[in-house]
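# A structural walkthrough
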Amino acid sequence: AQSVAQPEDQVNVAEGNPLTVKCTYSVSGNPYLFWYVQYPNRGLQFLLKYITGDNLVKGSYGFEAEFNKSQTSFHLKKPSALVSDSALYFCAVSHNTGGFKTIFGAGTRLFVKA
Amino acid sequence: NAGVTQTPKFRVLKTGQSMTLLCAQDMNHEYMYWYRQDPGMGLRLIHYSVGEGTTAKGEVPDGYNVSRLKKQNFLLGLESAAPSQTSVYFCASNPGQGRFNEQFFGPGTRLTVL
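Summarised in this report is the structure supplied together with it. (Residues numbered from 1 in each chain as written. Chains lettered and ligands numbered in written order. Predicted model: local features only at pLDDT ≥ 70, side-chain atom pairs only at ≥ 80, totals over all residues. Heavy atoms only, no water.)

### Description of the overall build of chain A
Applicable threshold: Here a strand is any run of E in DSSP of at least two residues, a helix any run of H or I of at least four, and the numbering for each starts at the N terminus. C-alpha atoms define the radius of gyration, and 2.2 Å times the number of residues to the power 0.38 defines the globule rule. Working definition: with a 1.4 Å probe on protein chains only, accessible area under 20% of the residue-type maximum means buried, over 50% means exposed, and in between means partly exposed. Any pair of residues with heavy atoms lying within 4.5 Å of one another is described as a contacting pair.
Secondary structure assignment for chain A yields 0 helices and 12 strands. The linear arrangement of helices and strands in chain A, starting from the amino end, is β-β-β-β-β-β-β-β-β-β-β-β. Against the compact-globule benchmark of 13 Å for 114 residues, chain A has a radius of gyration of 14 Å, which places it among compact chains. Viewed in the frame of its principal axes, chain A has a C-alpha envelope of about 45 × 30 × 20 Å. For chain A, with 114 residues in total, the buried portion stands at 47%. Partitioning the contacts of chain A with sequence separation of at least 6, the portion at a separation of at least 24 is 54%.

### Quick notes on the overall build of chain B
Quick note on the threshold: Think of it this way: Lys and Arg go in the positive column, Asp and Glu in the negative one, and His and the chain ends go nowhere. All charge positions are set by atom: Lys at NZ, Arg at CZ, Asp at CG, Glu at CD.
Scanning chain B from N- to C-terminus turns up 0 helices and 11 strands. Going residue by residue from the N terminus, the α and β elements of chain B occur as β-β-β-β-β-β-β-β-β-β-β. Taken over the C-alpha trace, chain B has a radius of gyration of 13 Å; the compact-globule value for 114 residues is 13 Å, and the two agree within 12%. The dimensions of chain B, computed from C-alpha atoms along their principal axes, are 40 × 30 × 25 Å. Out of the 114 residues belonging to chain B, those deemed buried represent 48%. Restricting the contact set of chain B to residue pairs at least 6 apart, pairs at least 24 apart contribute 54%. With 11 positive and 8 negative side-chain charges, chain B shows a separation of 6 Å between the mean positions of the two kinds.

### What about the nonpolar core?
Residues and elements named next belong to chain A. Applied cut-off: Take the buried residues of types Ala, Val, Leu, Ile, Met, Phe, Trp, Tyr and Cys, join any two whose side-chain atoms come within 4.5 Å, and each joined set is a nonpolar core.
Trp35, Leu47, Leu48, Phe74, Leu76 and Tyr89 are the most contacted members of the largest nonpolar core, which totals 28 residues. Listed by contribution, the elements that provide at least two residues to this core are strand 2 (10-14), strand 3 (19-21), strand 5 (32-38), strand 6 (44-50), strand 8 (64-68), strand 9 (73-78), strand 10 (87-94) and strand 12 (108-113). Setting aside its immediate chain neighbours within four residues, Tyr89 contacts Gln6, Trp35, Tyr36, Val37, Leu47, Phe63, Leu76, Gly107, Thr108 and Leu110.

### Remarks on the sheet that holds strand 3 (residues 19-25) of chain B
Residue and element names in this part refer to chain B. Using the following cut-off: We call two strands paired when DSSP finds no fewer than two bridges between them. In this analysis an axis means a line fitted to C-alpha atoms, helices contributing only their contacting stretch, and an angle means the value between N-to-C directions, from 0 to 180 degrees.
Across the sheet, 4 strands lie side by side as 1-3-8-7; this open sheet has antiparallel pairing. Only two strands of the sheet have a single partner each, and these edge strands are strand 1 (4-7) and strand 7 (65-67). Taking the axes of each pair of neighbouring strands and ignoring which way they run, one obtains an average angle of 20° across the sheet.

Laid out in structure tokens, this is it:
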């Protein structure tokens, strides 16, 4: 069965420090991986995706993610966190069944302290 | 472009009442989805559609019905609301090449069933 795990409910980081939000996945075949961000009282917004090619994917707002096939991970990273990065982050995997459904992780809340 | 819009933004129902949530997209997307978001559970797929006139069940379809009579609209109905359906509902759309493309989300509808 396809699944996505975000092992941390919450991540705390000081402004200016690097941040990592972890994601592991289980999927048959090639994974198509996504990160979304949700700000309070808003819908999810797309950050970045891995389809194929380079393992390091760059996305919006200075975020990047590293695909690691051997560890089945797709961790979200940013070299220097901003207070405005505080939000709820979702990892997701898409698979080819019917309507190409996407499975979302439970989400990780990121708090960046000034 | 307005993107994906949802109506209404908030609603309070009594147990047993019915209602319809409307999702509209102006991007000519083929695929549309309805999710519910509950604390600690991420997003769970209720129903989805791969084109006008088609619908299919997702992960948690019980108690909900959907219709896609026009390509740009995807309606979610609750025939007899229950307190367990208290949630935030998100609609999303996808251009139609499924797994390769990210989803575009609406702002959400916060539903409370008393």
